[in-house]
Amino acid sequence: MRLLKSFGLVMTVCAAAGAPFGLANAATWDMPTPYPDKTFHTVNINQFAKDVDQATGGGLTIKVHSAGSLFKHKEIKSAVRSGQVPIGEFFLGLLANEHPAFGIDTQPFLATNYDDAARLWSAQSPVVVKLLEKQGLQPLFSVPWPPQGLYTKKEIASVEDLKGLKFRTYNPTLAQFVKLVGAAPTQVQVPDIPQAFSTGRVEAMITSPSTGANSKAWDFLSHYTDIQAWVPKNIVVVNKRAFRKLDAATQKAVLQAARAAEKRGWQMSRAETATKTAILKDNGLKIVAPSSELMKGLRAVGAAMLKDWQKSSAAEGASILSAYRK
Ligand code: PCA
């Protein structure tokens, strides 16, 4: 009894000093992410948090706040930059207006499969690392979404059929693409997709089989045309000052868990493409192979956009493209 009592007292004292279980520098990091819990990116990040916790023996706890619950998607990068939170995830192409290099993976029909996406990331990442570094941010890992497909309420045989549609978008590049095909872009975050469709704010979208299946696209759409338009990525970044405050062993554990998360995430993404397309089909969505006329029209729009992108992105853009095409 006596022993138990004094053990309890020791525990209380340590906890009050912010150091439970004798860990002198135990820390908790809040981590905002934009997508819901069942999204494979979030599942991967939860595993990353677990790995860090385990590798540091509870020395660093990463508390994931999913679905934009702590910061809205658009605010996550600045929240990490300002140090309001030490770590966060966002869609890299969301920053396309800040610098064109951030959005190259959302250029239509530039890199449309995983091997090309990996080569594009090798070319893009040195530029992204440099740009973020200037803002006091350090990328930890980046994971792609499955190739992006077209969701509509009717068959789309040519670009002509897209004209006038109220179209859900998620970043500036997609909004530009939508405008160029003659449709009307409206930004909608993933958690708001079902409501945006049910209230008639939008009537078509381009996104992955993952986001389509997780949003139950069959409740409000009928056709999925597998155009495989691009393979965009999320990125996890850490505030450099916050990272430097960690002791060397903890820093190493974070970097190691990040490497594992990147590798696991790319594998999860590849697997998602087939499983989530099957779920779309099982729930009654018509899975359509695109007509050559549709692809020709969409590719022409993509080619025009890439020309524009090259004009606006100067030296960094040229270096990314030449490294990618080597
Ligand atoms: N899902 C996210 C980004 C790309 C994707 O497949 C979205 O629709 O916003």
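Caption draft 1: Looking closely at the side chain of T42. Looking at the element boundaries, T42 is found in helix 2 (residues 40-55). Aside from chain neighbours lying at most four places away, what touches T42 is T33, Y35, P36, D37 and S66.

Caption draft 2: Looking closely at the nonpolar core. Residues W29, F48, L140, F141, F167, F177 and L298 are the most contacted members of the largest nonpolar core, which totals 64 residues. In this view, F48 contacts I62, I87, L140, F141, V254, A257, A258, A261 and R264; residues no more than four positions away in its chain are not counted. In this structure, F90, L92, L120 and L137 belong to the second largest nonpolar core, which totals 32 residues.

Caption draft 3: Molecular detail of the pattern of salt bridges. Under the criterion given, the structure shown has 7 salt bridges. Of the charged contacts in the structure, one is a salt bridge between E98 and K77, with a shortest N-O distance of 2.7 Å. Of this pair, E98 sits in the loop between strand 3 (87-91) and helix 4 (114-133) while K77 sits in helix 3 (residues 73-81), placing them 21 residues apart in sequence. By relative accessible area, which is 41% here, E98 ends up partly exposed. Residue K77 is classed as buried on the basis of its relative accessible area, which comes to 9%. Of the charged contacts, one joins D116 and R119 as a salt bridge, the two residues approaching to 3.0 Å between their closest N and O atoms. Placement of the pair is D116 and R119 together in helix 4, with a separation of 3 residues, close to one helical turn.

Caption draft 4: Main features of empty space enclosed by the protein. Under the definition given, this model contains 3 cavities of 30 Å³ or more. One number sums up the size of the largest cavity: a volume of about 130 Å³. As for the largest cavity, its lining consists of 14 residues, and the residues nearest its centre are Y35, F91, R168, Y170 and V190. Here the lining of the largest cavity is built from residues that sort into 8 nonpolar, 5 polar and 1 charged.

Caption draft 5: Broad picture of the packing of helix 4 against helix 10 (residues 292-325). Two numbers describe how helix 4 lies on helix 10: the axes approach to 9 Å, and their chain directions differ by 145°. Where helix 4 crosses over helix 10, the two elements pack in a sense that is right-handed. Residues D116, R119, L120, A123, Q124 and V127 of helix 4 form the contact with helix 10, whose participating residues are E316, S319, I320, A323 and Y324. Class assignment for the residues of the contact of helix 4 with helix 10 results in 6 nonpolar, 2 polar and 3 charged.

Rules behind the numbers
- Residues numbered from 1 in each chain as written.
- Predicted model: local features only at pLDDT ≥ 70, side-chain atom pairs only at ≥ 80, totals over all residues.
- Heavy atoms only, no water.
- Helix = DSSP H or I, 4+ residues; strand = E, 2+ residues; numbered from the N terminus.
- Contact = heavy atoms within 4.5 Å.
- Core = buried A, V, L, I, M, F, W, Y, C linked by side-chain atoms within 4.5 Å.
- Buried < 20%, exposed > 50% of the residue type's maximum accessible area, 1.4 Å probe, protein only.
- Salt bridge = Lys/Arg side-chain N within 4 Å of Asp/Glu carboxyl O.
- 1 Å grid on protein atoms, 1.4 Å probe; cavity = no way out; pocket = protein on both sides within 12 Å on 5 of 7 lines; lining within 4 Å.
- Points joined across faces, edges and corners; volume = space filled by probe spheres on them.
- Nonpolar A, V, L, I, M, F, W, Y, C, P; charged D, E, K, R; others polar.
- Axes fitted to C-alpha atoms, helices over the stretch in contact; angles between N-to-C directions.
- Left-handed = near helix turned anticlockwise from the far one by under 90°.

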